[in-house]
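# Fold and geometry: a report
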Amino acid sequence: MKHIPISLLLILTLLATACGNDDPDPIKRPEVKISYTQLSHVGNGSATAAYSNPCKFTLRREALNADIEITLPAALGGETLRISTVPVTYNSDKNLYNINAATTSSPRVTNLSATIDFNEQAYWMNYTLDGDKTVQATMPGIFYLHTKSEMTCEDLSTYTDTRGGYQFDIYPAENKATLQLSDLLIKTDLVSITSMTAKGMNFTATESGYHITGDKIEGTGYISRYSQGSETSQMNDNMYYRLDNFAADLNLKSQNMTGTCTITRCKRVIDPETKVQTVQEINHTQVKLNGNTYKSFTPEPQQ
């Protein structure tokens, strides 16, 4: 994996510290404890909503079972659901721990499936709540590393970049989302967007996941200039990028993401007479993007 998304670094830290600092390789110990905040997508027929809620998970590697504590959001009652010694299976080829249980020790939770992925340091879980609500719980940052970005420049030349990373941090209380973009080639400028944070996007919970939108979202971060031997520099008033007409759909079941946007190169200009600052648009690159996280993926050659 080229990058560990920012929101997942906490999990890596928790996996290590929860098992003791004196162990040279703590995440290989027989018992692993994880405590974090879930992003829970809740569907009930045509009604959908998103919530942030705490979850604690204890995995016993040798016994192949787990305990789970899910604290429901206030809108769903606020109760802490305790699931004890649910059976776990291990996929040694992919280093995945999986749970599939039609019933659990909590009468409110049925059709439970969950996976811990130690390759990506990620965790996700699906279950039925009270017999009529479908819950798909993920990390707060939903990330896509296996991507394809089809780029169209202003002169209508095209190319495909398979290196880009897209992470969507969703904040239900604020009804906002942030995009963390990385390693995306802007061929017109001979630069790669090494990392860019675009805050202030909107999201809605859909039947299959989330719909993310935003327009004229200015990004902050770093670029690598090919003309300077890929030297990395910080975006500033003289060169930064903006996301225009951004729209993406995140499908939680298929773990797939599709979307479109315009990446606009901008700079800020101050009129010498009026001293008024304006934004000048230098060029535009149209992007059609898609990606997934956990499915098998063979990158296409760079064009």
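The text that follows walks through the structure, step by step, so that each part is easy to find.

Another point: the side chain of Gln180. Mapped onto the secondary structure, Gln180 falls in strand E14 (residues 176–186). In terms of polar contacts, Gln180 uses its side chain to reach the side chain of Asp169, at 3.5 Å. Of the polar contacts made by the side chain of Gln180, one reaches the side chain of Thr197; its length is 2.9 Å.

Ranked by size, the top nonpolar core spans 41 residues in total, and within it Phe168, Tyr210, Ile212, Tyr241 and Phe246 carry the most contacts. If you look at the next biggest cluster of nonpolar residues, it comprises 31 residues, including Cys55, Ala101, Val109 and Leu112.

Okay, the pattern of salt bridges next. Under the criterion given, the structure shown has 14 salt bridges. Measuring nitrogen to oxygen at the nearest pair gives 2.7 Å for the salt bridge that ties Arg108 to Asp130. Of the two residues, Arg108 is situated in the loop between strand E6 (96–103) and strand E7 (109–117) and Asp130 in the loop between strand E8 (122–129) and strand E9 (133–138); the sequence distance between them amounts to 22 residues. With a relative accessible area of 37%, Asp130 lands in the partly exposed category.

This next bit is on the sheet that holds E9. For sheets, the rule is that strands pair by backbone hydrogen bonds, running either parallel or antiparallel. Taken in spatial order, the nine strands of this open sheet run E4-E3-E2-E1-E9-E8-E7-E6-E5, and their pairing is antiparallel. Single-partner strands in this sheet number two, and they are strand E4 (80–87) and strand E5 (89–91). On average, adjacent strands in this sheet sit at an angle of 20° to one another, irrespective of strand direction. Note: strand E1 (residues 31–44) against strand E2 (residues 47–60), 14 bridges, orientation antiparallel. Of the residues in E2, the one forming a bridge with Gln38 is Asn53.

What follows concerns the side chain of Asn283. In this structure, Asn283 sits in strand E21 (residues 277–292). A polar contact is formed between the side chain of Asn283 and the side chain of Asp189, at a distance of 2.8 Å. Dropping the residues within four chain positions of it, Asn283 is found in contact with Glu154, Thr188, Asp189, Ile263, Thr264 and Arg265.

Calculation criteria
Residues numbered from 1 in each chain as written. Predicted model: local features only at pLDDT ≥ 70, side-chain atom pairs only at ≥ 80, totals over all residues. Heavy atoms only, no water. Helix = DSSP H or I, 4+ residues; strand = E, 2+ residues; numbered from the N terminus. Polar contact = N/O pair within 3.5 Å; in protein donor to acceptor, adjacent residues only side chain to side chain. Core = buried A, V, L, I, M, F, W, Y, C linked by side-chain atoms within 4.5 Å. Buried < 20%, exposed > 50% of the residue type's maximum accessible area, 1.4 Å probe, protein only. Salt bridge = Lys/Arg side-chain N within 4 Å of Asp/Glu carboxyl O. Pairing = 2+ DSSP bridges. Axes fitted to C-alpha atoms, helices over the stretch in contact; angles between N-to-C directions. Contact = heavy atoms within 4.5 Å.

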